[in-house]
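Residue-level structural notes
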Amino acid sequence: NYKKVLDATLEAGRLALRMPDQAASELIAAIYLYHVDDSLLHVVSARRYTRADELRMLAGKAGVVGQALKEASPVIGEDADNDPELQVIVAFQYCKSLLCIPLRAGFDTFGVIVFGSQSKNAFSVDQSEILRSVGLQSTIALQNAVLYSNLLTEKERIIDADEEARKKLARDLHDGPT
């Protein structure tokens, strides 16, 4: 279940940041994945987001999100109020530190993980590298979930085709002697 993978990713990210209890309780986090229909980033899992925030989509073209996707590496940013894409997210309204981790495997980009904190300089380069590893592992888990889903779909298709062939053979055998 990819939803469980993404929830576990946010929890692993929180643990990897090793922030003091107060800062950890104020941590805002969200995973955005590209949607096939519109090529926009949609929220699939979030912490401390409002319902309206969960419905907002990102283009992934500007700000820390755009930079992380373009460079394919973690980006540490400041002051979400000045970020062209994240400034519309209510949960990030008071964030003074941002961290965006791209979810990539090979040349495929699946989306991003975005963390926000109200503390200045809350994220370090070391933390971003640890979270990059967490993002890579979750991307592999997402790929496995997609492959498993495709496998189940193909299995059902083969079973249906086999059943149809048996029914046709039974009809032919029944109609032949009569």
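This structure is a prediction, so every number in the text was calculated from the model and none was measured.

Side chains of Tyr148, Leu151 and Leu152 sit close together on the surface and give an oily, nonpolar patch of about 320 Å² of accessible area. Summarising the element assignment, Tyr148 is placed in helix 5 (residues 125–175).

Summarising burial for strand 1 (residues 28–34): six of the seven residues are buried, a large majority. With six bridges connecting them, strand 1 and strand 5 (residues 108–117) associate as antiparallel partners. By the bridge assignment, Leu33 is partnered in strand 5 with Gly111. Taking the residues that link successive antiparallel strands as the turn, the strand 1-strand 2 (residues 41–47) hairpin has six residues, and the phi of Ser39 there is positive, at about 55 degrees.

For the protein chain, per-residue confidence averages 87 on the pLDDT scale, and residues scoring 70 or more make up 94% of the total. Of all the helices and strands in the protein chain, helix 2 (residues 21–25) carries the lowest mean pLDDT, 59, while helix 4 (residues 63–71) carries the highest, 94.

The next thing to look at is the nonpolar core. Grouped together as the largest cluster of nonpolar side chains are 22 residues, with contacts concentrated most on Tyr32, Tyr49, Val65, Leu86, Phe92, Val112 and Val114. Secondary structure elements with two or more residues in this core: strand 1, strand 2, helix 4, strand 4 (97–105) and strand 5. Residue contributions to this core peak at four residues, all from helix 4. When residues no more than four places from it in sequence are discounted, the contact partners of Tyr49 are Ile28, Ala29, Ala30, Tyr32, Val43, Glu54, Ile89, Ala91 and Phe92. With 18 residues, the next largest nonpolar core counts Ala16, Leu99, Ile101 and Ala122 among its residues.

What counts and how
- Residues numbered from 1 in each chain as written.
- Predicted model: local features only at pLDDT ≥ 70, side-chain atom pairs only at ≥ 80, totals over all residues.
- Heavy atoms only, no water.
- Patch = residues over 30% accessible without salt bridge, like charges linked within 9 Å, V, L, I, M, F, W, Y side chains within 5 Å.
- Areas by Shrake-Rupley, 256 points an atom, 1.4 Å probe, with all protein chains shown as cover.
- Salt bridge = Lys/Arg side-chain N within 4 Å of Asp/Glu carboxyl O.
- Helix = DSSP H or I, 4+ residues; strand = E, 2+ residues; numbered from the N terminus.
- Buried < 20%, exposed > 50% of the residue type's maximum accessible area, 1.4 Å probe, protein only.
- Pairing = 2+ DSSP bridges.
- pLDDT = per-residue confidence, 0-100.
- Core = buried A, V, L, I, M, F, W, Y, C linked by side-chain atoms within 4.5 Å.
- Contact = heavy atoms within 4.5 Å.

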